[in-house]
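Next come the chains, spelled out residue by residue.
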Protein chains: 2
Amino acid sequence: MNPAKPSTGTAAAAISGVVVERDPARMRAAVLAAQRGGRRVGFVPTMGALHAGHGSLVAQALARCDDVVASVFVNPSQFGPTEDFSRYPRPFAADCALLASQGVRWVFAPETESLYPAGHATAVVVTGPAEPFEGMLRPGHFSGVATVVCRLFLAVPADVALFGAKDWQQTLVVRRMVRDLGLPIEIEVCPTVRESDGLALSSRNAYLSPADRQRAVALHESLCQAAALWGAGQDVTAIEAAMRHILEQRGVSIDYAAVVDRDTLATQIPPGSPAVALVAGRLGTTRLIDNQELPPRPRPPG
Amino acid sequence: MNPAKPSTGTAAAAISGVVVERDPARMRAAVLAAQRGGRRVGFVPTMGALHAGHGSLVAQALARCDDVVASVFVNPSQFGPTEDFSRYPRPFAADCALLASQGVRWVFAPETESLYPAGHATAVVVTGPAEPFEGMLRPGHFSGVATVVCRLFLAVPADVALFGAKDWQQTLVVRRMVRDLGLPIEIEVCPTVRESDGLALSSRNAYLSPADRQRAVALHESLCQAAALWGAGQDVTAIEAAMRHILEQRGVSIDYAAVVDRDTLATQIPPGSPAVALVAGRLGTTRLIDNQELPPRPRPPG
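Residues numbered from 1 in each chain as written. Chains lettered and ligands numbered in written order. Predicted model: local features only at pLDDT ≥ 70, side-chain atom pairs only at ≥ 80, totals over all residues.

### Some words on the pairing of strand E11 (residues 286-294) of chain B
Phase 1: Both strand E10 (residues 275-283) of chain B and E11(B) contribute to a ladder of nine bridges, which runs antiparallel. Residue Leu283(B) lies in a different strand from E11(B), and its bridge partner there is Thr286(B). (Pairing = 2+ DSSP bridges. Helix = DSSP H or I, 4+ residues; strand = E, 2+ residues; numbered from the N terminus.)

Next comes the structure, spelled out in structure tokens:
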């Protein structure tokens, strides 16, 4: 574990051997001080309710950096009015214990009022990759994500921030925002961590009934089928039909099942370009998403 | 004049004794290096076509800081489709000479493509103080301002940025964005510089015909009248009517003439709060704005 020396501020407290910082300005000062001392700082933004997917991000951050900050903040602005903000799990002490055991130096856990001060009136709005799929189905979601990620990157001016590939569209939105605003941080996207049957880890899996948990594997199955058919040269329409068939057979209410350009999410995939299969569906009241990168296919001969 | 040592990058060039930096990443690195050396850096963002108002901002920056950066960038995203982007004056060599003579260390003059890279899809959108007045009359204007100022503040991570009070609503929008996103920069608003007859300096004054130039003093006259009536305890409706009367007599096409809360721009001004008189009007094809702060009035007795 990296040395976690307590901040001098009163709002920072050592819980389970990790320093919990609630104040954005002090958090920023601590990161800058570490960097001035020659330390490379990695940042793993989370909404808490940590699982092995977050653990993998933290491990990769620790492998690449001297100090790691993880944020735990359930961001209200990325939830729609009918979504699960209020019931989203918040096991903060367990999260801190896990992060401490991994060797995280700081947990940044701001109060909502410190990220959204009284009279807050600023949003970061991304179009382009934020428009289709989740952008259509969850109006305002990516604006909420971009706004809080921008705010977090200013409070935690790390060298690199790590995101999981499971939220593929989110990674494109964050990369776009970072590039467009010139935020001085590197973005690293890490592979999705899965259960033994292939279900992508998600804090929302805890909502699933045992029966729905079993059926949830259909998302991964549909993506495996997409990868197989993509590799066999099938066209996108046929692949998407096969994905839908698998999901319907397992009783998943499909939001989308699509194969699109990996970087732009455009439905036209130029020959020789990588693609991504995206899937989102509902089981009972739980909504799950997943995806699978698809390597470039050889251009047709001639 | 502060020592202006040339950047090592090929895009930086010394023109008239000032270092012109076109690359945002190198600009950022230069400012951070100065700060690491213990120097306080001030930033004056401009669209060029400099006049004594900008000169005053630069002088105040130099008085408060060790090094000063001025940016010269005519930001396309803050102009509406029917506005004066293409004809906006761009006397870049003269601007650089003026800034050099004042002792500015760097002129940041990015290419449009480096602030708005291919596929640009991110906007910073402010509501609240950005909504009335200019926000109603120039849809998208303040989003363009907030987006470019955020981008500029990331390329020029100065300790303090200076803005002129002439664009009062803009100063409120910038302050709101800085606070909401947690941008680590101090905002200083400096008094409007005026011609001898009271006309606020503006790059757009150059568009005025000699006759319109004479009539343009009506904006300042209406504000002086507002201040007098405010001080005499007149109510807002009467003050606004008096302002309109002066503007109409001089043939100014009024966009607005209003007395509102200084900090929120709300029409309800709480007793004992400062106010601001705002005016915008057109003379021929030239649109001018101006304003006057109004000190808190004593609360009514009892």
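Now, onward.
### Points about unusual backbone geometry
Residue and element names in this part refer to chain A.
Phase 1: Its identity as a non-glycine residue notwithstanding, Ala49 has a phi of 50°, on the positive side.
Phase 2: Secondary-structure assignment places Ala49 in the loop between strand E3 (41-46) and helix H2 (52-64).
Phase 3: Positive phi, normally seen in glycine, also occurs at Phe133, with a value near 50°.
Phase 4: With respect to the element layout, Phe133 can be found in the loop between strand E6 (122-126) and helix H5 (134-137).

### Thoughts on the domain arrangement of chain A
Residue and element names in this part refer to chain A.
Phase 1: Here the domain parsing of chain A yields domain 1 (13-190) and domain 2 (203-293).
Phase 2: The C-alpha-based centres of domain 1 and domain 2 are spaced at 26 Å.
Phase 3: The interface is formed by twelve residues belonging to domain 1 together with eleven residues belonging to domain 2.
Phase 4: Sort the elements by how many residues they give to the side of domain 1 that touches domain 2 and helix H7 (residues 168-181) lands first, with three residues.
Phase 5: Classifying every residue of the side of domain 1 that touches domain 2 by side-chain character gives nine nonpolar, two polar and one charged. (Domains from an automatic or database assignment. Contact = placed C-beta atoms within 7 Å. Nonpolar A, V, L, I, M, F, W, Y, C, P; charged D, E, K, R; others polar.)

### Some points on the interface of chain B and chain A
Phase 1: Contacts between chain B and chain A engage 25 residues on the former and 25 residues on the latter.
Phase 2: Of all the secondary structure elements, the ones that give two or more residues to the side of chain B that touches chain A are helix H1 (24-36), strand E6 (122-126), helix H6 (141-155) and helix H7 (168-181) of chain B.
Phase 3: Its residues placed into classes, the side of chain B that touches chain A shows 14 nonpolar, six polar and five charged.

### With respect to the sheet that holds strand E10 (residues 275-283) of chain A
Residue and element names in this part refer to chain A.
Phase 1: Ordered by their spatial adjacency, three strands build an open sheet running E9-E10-E11, and the pairing between neighbours is antiparallel. Edge positions in the sheet fall to strand E9 (253-261) and strand E11 (286-294), since each of these pairs with one other strand and no more. The average angle at which neighbouring strand axes cross in this sheet is 10°, direction not considered.
Phase 2: The pairing of E9 with E10 spans eight bridges and is antiparallel. (Axes fitted to C-alpha atoms, helices over the stretch in contact; angles between N-to-C directions.)

### Things to note about the relation of the copies chain B and chain A
In this structure, two copies of a chain are linked by a rotation about an axis accompanied by a shift along it.
Phase 1: Superposition record for chain B on chain A: RMSD 0.0 Å, screw rotation 180°, translation along axis 0.0 Å. The operation mapping one copy onto its partner corresponds to a two-fold rotation axis. Residue Val124(B), judged by its C-alpha, is the member of chain B lying nearest the rotation axis, at 2.3 Å.
Phase 2: Taken as a fraction of all interface residues of chain B, those also at the interface in chain A reach 100%, which identifies the copy contact as same-surface. (Least-squares fit on C-alpha atoms with pLDDT ≥ 70 in both.)

### Points about the sheet that holds strand E9 (residues 253-261) of chain B
Residue and element names in this part refer to chain B.
Phase 1: As summarised here, the arrangement of the three strands in space is E9-E10-E11, forming an open sheet in which the pairing is antiparallel. Of all the strands in the sheet, just E9 and E11 have a single pairing partner and so form its edges. Sheet twist, expressed as the mean angle between neighbouring strand axes with direction ignored, is 10°.
Phase 2: Helix-sheet contacts for helix H9 (residues 217-231) involve E9, E10 and E11, and the interaxial angle to E11 is about 20°.
Phase 3: Those strands touched by helix H10 (residues 236-249) are E9 and E10, and its axis lies near 155° from that of E9.

### With respect to helix H9 (residues 217-231) of chain A
Residue and element names in this part refer to chain A.
Phase 1: When the terminal C-alpha atoms of H9 are compared, their 21 Å separation across 15 residues agrees well with the 21 Å that a helix rising 1.5 Å per residue should span.
Phase 2: If you check which residues of H9 are buried, you get Ala218, Leu219, His220, Ser222, Leu223, Ala226, Leu229 and Trp230.
Phase 3: Looking at the buried side of H9, the elements it contacts are helix H8 (210-215), helix H10 (236-249), E9, E10 and E11.
Phase 4: Positive phi appears at Gly233, one or two residues downstream of H9, with a value of about 85°. (Expected span 1.5 Å × (residues − 1). Buried ≥ 20, exposed ≤ 12 C-beta atoms within 10 Å, placed from the backbone.)

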